[in-house]
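# Fold and contact review
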Amino acid sequence: MVKELVIYPDDRILSCTDVRDFKDESLPRLLQDMKDTMEANSLEALAAIQIAHPFNIVIIKKDGEYLEFINPRILKKEGIIENKEKTAYYPDIELTVPRYEKISIIYEDREGNQHSMKIEDRWLSTTLQRKIDYLFGGTPLDKVNKDYREQVLEALAGKGLVPQSLDVCPTFSRKDYITSFTDKILFFMGLSLITPIFAKFFHWTTTTISKIYTFDKIAFPSVIVLMIIYFIYAQYEAKKYKQCSSCQIGNQIGIIVKRVAVALAFAVGAWLWVNPQGLL
Amino acid sequence: MARVVVMGGGVAGHTAATFAKEWLGDAHEVVVVTPNSNWNWIPSNIWVGVGQMKKEDVVFPLAPVYQKAGIDYRQAKAVSIHPEGKEGNDKPYITIEYTGQGKEGQTEEITYDYLINATGPKLNFDATPGLGDGNGNIGPHTVSVCTADHAVHANGELRKIFEKARQGQKQKIVIGTGHGMCTCQGAAFEYIFNIEFEAQKAGVRDMLDIRWLSNESFLGDFGIGGLHIKRGGYAASSKIFAESLYVERGIDWTIGAHVSKVEEGKLHYEQLDGTEGEMEFDFAMLIPPFAGVGLKAYDKKGEDITSKIFAPNGFLKVDADYTAKPYEEWKASDWPRTYQNPDYKNIFAAGIAFAPPHLISKPMKSPKGTPINPTPPRTGMPSGIIGKAVAHSVCDLIREGSGAKLHEASMAEMGAACVASAGKSLTNGIAAALTVYPVVPDFEKYPGIGRDLDYTFGEIGLAGHWIKHILHHLFIYKAKLNPGWTLIPE
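Residues numbered from 1 in each chain as written. Chains lettered and ligands numbered in written order. Predicted model: local features only at pLDDT ≥ 70, side-chain atom pairs only at ≥ 80, totals over all residues.

## A closer look at the overall build of chain A
In terms of regular secondary structure, chain A is built from seven helices and five strands. Mapped in sequence order, the helices and strands of chain A form the string α-β-β-β-β-β-α-α-α-α-α-α. The globule rule puts the C-alpha radius of gyration for 280 residues at 19 Å, and the 28 Å found for chain A is more than 25% above it. Projected onto its principal axes, the C-alpha positions of chain A cover 85 × 40 × 35 Å. Expressed as a percentage of the 280 residues in chain A, the buried residues total 32%. Of the contacts made within chain A by residues no fewer than 6 positions apart, 68% connect residues no fewer than 24 positions apart. (Helix = DSSP H or I, 4+ residues; strand = E, 2+ residues; numbered from the N terminus. Rg over C-alpha atoms; globule rule 2.2 N^0.38 Å. Buried ≥ 20, exposed ≤ 12 C-beta atoms within 10 Å, placed from the backbone. Contact = placed C-beta atoms within 7 Å.)

## What about the environment of A:Thr96?
Residue and element names in this part refer to chain A. Within the secondary structure, Thr96 is located in strand E4 (residues 90-108). For Thr96, a count of 13 C-beta atoms within 10 Å puts it in the partly exposed group. Taking the C-alpha atoms as reference points, Thr96 and Lys211, 115 residues apart in sequence, are found 53 Å from one another. In this structure, Thr96 is in contact with Glu82 and Lys84, ignoring residues within four places of it in sequence.

## A few points about the domain arrangement of chain A
When its domains are assigned, chain A resolves into domain 1 (11-158) and domain 2 (175-274). A straight line from the C-alpha centre of domain 1 of chain A to that of domain 2 of chain A covers 49 Å. (Domains from an automatic or database assignment.)

## Remarks on the sheet that holds strand E17 (residues 276-280) of chain B
Residue and element names in this part refer to chain B. With antiparallel pairing, three strands are arranged side by side in an open sheet as E15-E16-E17. Sheet topology places strand E15 (257-263) and E17 at the edges, where each strand pairs with a single neighbour. Averaged over all pairs of adjacent strands, the angle between their axes in this sheet comes to 25 degrees, without regard to strand direction. Where strand E16 (residues 266-271) and E17 come together, five bridges link them in antiparallel fashion. Residue pairing in the sheet places Glu270 in a bridge with Glu276 of E17. (Pairing = 2+ DSSP bridges. Axes fitted to C-alpha atoms, helices over the stretch in contact; angles between N-to-C directions.)

## Some thoughts on the sheet that holds strand E14 (residues 252-254) of chain B
Residues and elements named next belong to chain B. In space, the four strands of this open sheet follow the order E14-E11-E10-E18, with parallel pairing throughout. The open sheet has two edge strands with one neighbour each: E14 and strand E18 (283-287). Taking the axes of each pair of neighbouring strands and ignoring which way they run, one obtains an average angle of 15 degrees across the sheet. Inspection of the sheet shows strand E10 (residues 171-177) paired to E18 by five bridges, in the parallel sense. For Ile173, the partnering residue across the bridge sits in E18 and is Phe283.

## Describing the packing of helix H1 (residues 11-24) of chain B against helix H9 (residues 380-400) of chain B
Residues and elements named next belong to chain B. Interhelical geometry of H1 versus H9 gives an angle of 35 degrees and a closest axis separation of 8 Å. The interaxial crossing formed by H1 with H9 has right-handed handedness. Judged by residue contacts, Val11, Ala12, Gly13, Thr15, Ala16, Phe19, Ala20, Trp23 and Leu24 of H1 engage Gly380, Ser383, Gly384, Ile386, Gly387, Lys388, Val390, Ala391, Val394, Cys395 and Ile398 from H9. Per-class residue counts for the contact of H1 with H9 are 13 nonpolar, six polar and one charged. (Left-handed = near helix turned anticlockwise from the far one by under 90°. Nonpolar A, V, L, I, M, F, W, Y, C, P; charged D, E, K, R; others polar.)

Here it is, written out as structure tokens:
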């Protein structure tokens, strides 16, 4: 029976598990459904999870023959290549993904017997790797760098394919504007510490030095205020997005403590070095 | 007055003994028998192994702590259990052989009303030729981080490797498991990333070829069949998570491997596809397989009943379903709930000392029949929880009699949190914080992946490192029985 394909952003693609019961009567039926779906959609390879059956099964059609791989594991790998590939999960998108040129796998047949296979055919090797990604709760996009992933997600969004759940972590958070602005202030605070050297060589007046010191006097409390705003907004965002690594309070405290410590060090430095009435 | 004897002073034994004493007070007696003079916070040994902590930071002497708690401490190893007593005396007892307290080598019989077996494992280095020295200790070719002393030695050897790398000599480092039936992949995982982190800091990373070698059939199995975690807004498996980390840190891997022999600078292995290989190394840390500590058991007539109360691997049989079943018939309900021995109701086990009914990971063999699969881990959190539950049961049995309801702590209904360090630094440190629920997948309750995704998640970052560091101090504080220790969870 031809089944409906799971396509992005359907996250059922991420929940797969090993086939445990080879005596289950539905197993041969599932394998046949996979083949029927491949025929109907002109696919050369399919993972069971791509038709919403959460089992570690891959079928590949090679030279007119269907190869069944149940519970496959990649044991050996050799030679990294950049492979251009398409997958039914991301419709009409071509990805360039790092893959191994040759692999050795172990897998089971539909009776549960274990086999091994050394694969030197580049197409079979990369296709199997792509499908095995699905078997372990991932997609080919997990194998590419973050910038490239965002480009692909944008392209998918251009086709109207966007995740609907609000609990996903944003790729860019508004709170990053606050840290970015704070870092710029810190950069200039740091720069201001070399004022005495410039003043000596370029004969700056006390008025000029006082103006730079005034900047330092404003910058330090500004960093503190910005970090308080950051913390409050980060708390709001943590509630908004349920799963978000950058929303962990430990990370937020780390970001705040680091910047406040640097600001404090620069402020003390400015008080000692830049301040026209300073001790040094 | 009842006497509770606890064999072992690790996470499970220490937890069981201290809670039993806390709840029983002076009305009853608690005796701890452990061959060690120190308590060791084992999760931090990996930091000793890279020189980021000293041995003194991860151990403390047990004697003053037990003296403060009113626990009778015997620095001795348990030798045998006599659950029916002996001719003319029905009182059950154990025999011990002192390893300290000025009585080294002396033996003694200690009677008990309730016995908790929390001996932990024997580090079975000799299971792999060359990994051990033939006398049960670690051999000369590799290092280990299983004990604090091993970790100190490992760091000494690692420093030599770094020094050679500084002098321009390429060095090969292999970290992983030293046998097809090992557990504790997590400790090796932490150690390899801490070495990589330290190598970066020392400026010698370019001179090191660091390789992972393990019995897992996929990266990120960790002995629990892997896990699906929610990360950064999407679910991912531990395989994807682990592979990303290994690639990011430039560490290559060999998996599905049983180390069959270790020689000076070279190891031999067999993989799940039946192929054999060799790997050269200048420094190798290979976790040994675990076995029971070799306790014997005798009935009243002095007949050996070891095989009656212990499983073939030397761990104590408890209320698990040990019926041999095929993988597809394994159930969460096979796992023990009360850890009570079925034959002798006053004997319990806690932590690594209990015999698991079967593996958690998928059982696998090479074509030659060599089993190559991780064995079930029993990390600090489950061990502590089980130790506390067993202590609770024993206290209730003492106070309420044999009809008392036993407390339950099944690993198939228990979650576990794990914080795996990948580099120690207050500002740049990194650790993966993972939670998994339940530890043993329940495919009936959670069809598909066997676990509840809402309680199984993971994050990696600086915050994880801080959590790991805070836990280090928190659990040592708790184990020292400092004020408020009972409030700190296991």
